[in-house]
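# Structural description and commentary
Single-letter residue listing:
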Amino acid sequence: MFNYLKNILLHKGHTAHDRINLRYWFLGFVLFLAVLTGIARMGLADTARGAEEVSGYLWPWALYLFYMSLCCTFFPAPTTWLVLLMASPIIHVFPQSFQAGPLHALETVIIVASIGALGTTLANLNEYHIFTFLLRFGKTKKFQNTRFYQKACRWFSLSPFTLMTLMSFLPIPVDVVRWLAISNRYRRDHYAYASFVGRFLRYSFIAAAATTLQIGGVGIITVQGVLIGLVLLRYVPK
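First things first, this report covers the structure right here in the doc. If you're wondering where the values come from, they're calculated on a predicted model, not measured in any experiment.

## Some thoughts on the packing of helix α4 (residues 80-87) against helix α12 (residues 217-232)
Two numbers describe how α4 lies on α12: the axes approach to 9 Å, and their chain directions differ by 160°. The angle between the axes of α4 and α12 places the two elements in the roughly antiparallel class. Crossing hand, α4 versus α12: right-handed. Between α4, through Thr80, Trp81, Leu84 and Leu85, and α12, the contact on the second element is made entirely by Ile220, Val223, Gln224 and Leu227.

Right under this line is the structure:
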């Protein structure tokens, strides 16, 4: 059993279009999270001492990227509240000299949206590799043989990049579209680009709203509560 799992992770005995070394990805992802944790710990220590160090401004971004990199199907935590928080005036994540700049609002939107989109893209790539493991393990064959899946694949193949980008932008659950992309062995780089572009546009709108409207704690809680309520309505019996 151990050798079988090892062959799956190292990709031995699989087709040429599925040559992904899962072990390298998972090890790299864990190391990436460890580095972010170290940056956050160092920054919190400097902030507690009152030291004016660069790390004192980096730790919120490290925690932001850490959290966003985890949010996927296997860790379905909300993200809108954090994007609003990072762009809001509640917390000060920029040096005083930066805050006084004439383009502060625009730069804030770009930075918050870029880091958030990067984190979500990494989370989606992690999901990509987890599902690839499941595909190699043969746990999805029964579903792939259904008529619904075959029709969905034909629908997805019409314009996969556009569909991925659109679904990443819209504030609705897009798990099924990502699953279709992964099960169809859609290219990882295109998968990542579509995720980043769609989420960058979505987070830009969210960050712009938080910056322009100067949204506070109550507003952030209200917006996220409404979004969670809309998702839960899917599970309420008709």
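## As for the environment of Ala152
Tracing the chain through its elements places Ala152 in helix α8 (residues 147-156). For the pair formed by Ala152 and Val177, sequence separation is 25 residues and the distance between their alpha carbons is 9.0 Å.

## Considerations on the side chain of Glu127
Considering the arrangement of structural elements, one finds Glu127 in helix α6 (residues 104-137). At 2.6 Å, the side chain of Glu127 forms a polar contact with the side chain of Thr73. Glu127 has contacts with Cys72, Thr73, Phe74, Arg178, Trp179, Ile182 and Tyr191, leaving out every residue within four places of it along the chain.

## Observations regarding a nonpolar patch on the surface
A contiguous nonpolar surface patch, about 290 Å² in accessible area, is contributed by Leu118, Phe196, Val197 and Leu201. Element by element, the count of residues in the nonpolar patch is highest for helix α11 (residues 188-213), at three residues. For Leu201, a relative accessible area of 39% corresponds to the partly exposed category.

The rules behind the values
Residues numbered from 1 in each chain as written. Predicted model: local features only at pLDDT ≥ 70, side-chain atom pairs only at ≥ 80, totals over all residues. Heavy atoms only, no water. Axes fitted to C-alpha atoms, helices over the stretch in contact; angles between N-to-C directions. Helix = DSSP H or I, 4+ residues; strand = E, 2+ residues; numbered from the N terminus. Parallel < 35°, antiparallel > 145°, perpendicular 65-115°, else oblique. Left-handed = near helix turned anticlockwise from the far one by under 90°. Contact = heavy atoms within 4.5 Å. Polar contact = N/O pair within 3.5 Å; in protein donor to acceptor, adjacent residues only side chain to side chain. Patch = residues over 30% accessible without salt bridge, like charges linked within 9 Å, V, L, I, M, F, W, Y side chains within 5 Å. Areas by Shrake-Rupley, 256 points an atom, 1.4 Å probe, with all protein chains shown as cover. Salt bridge = Lys/Arg side-chain N within 4 Å of Asp/Glu carboxyl O. Buried < 20%, exposed > 50% of the residue type's maximum accessible area, 1.4 Å probe, protein only.

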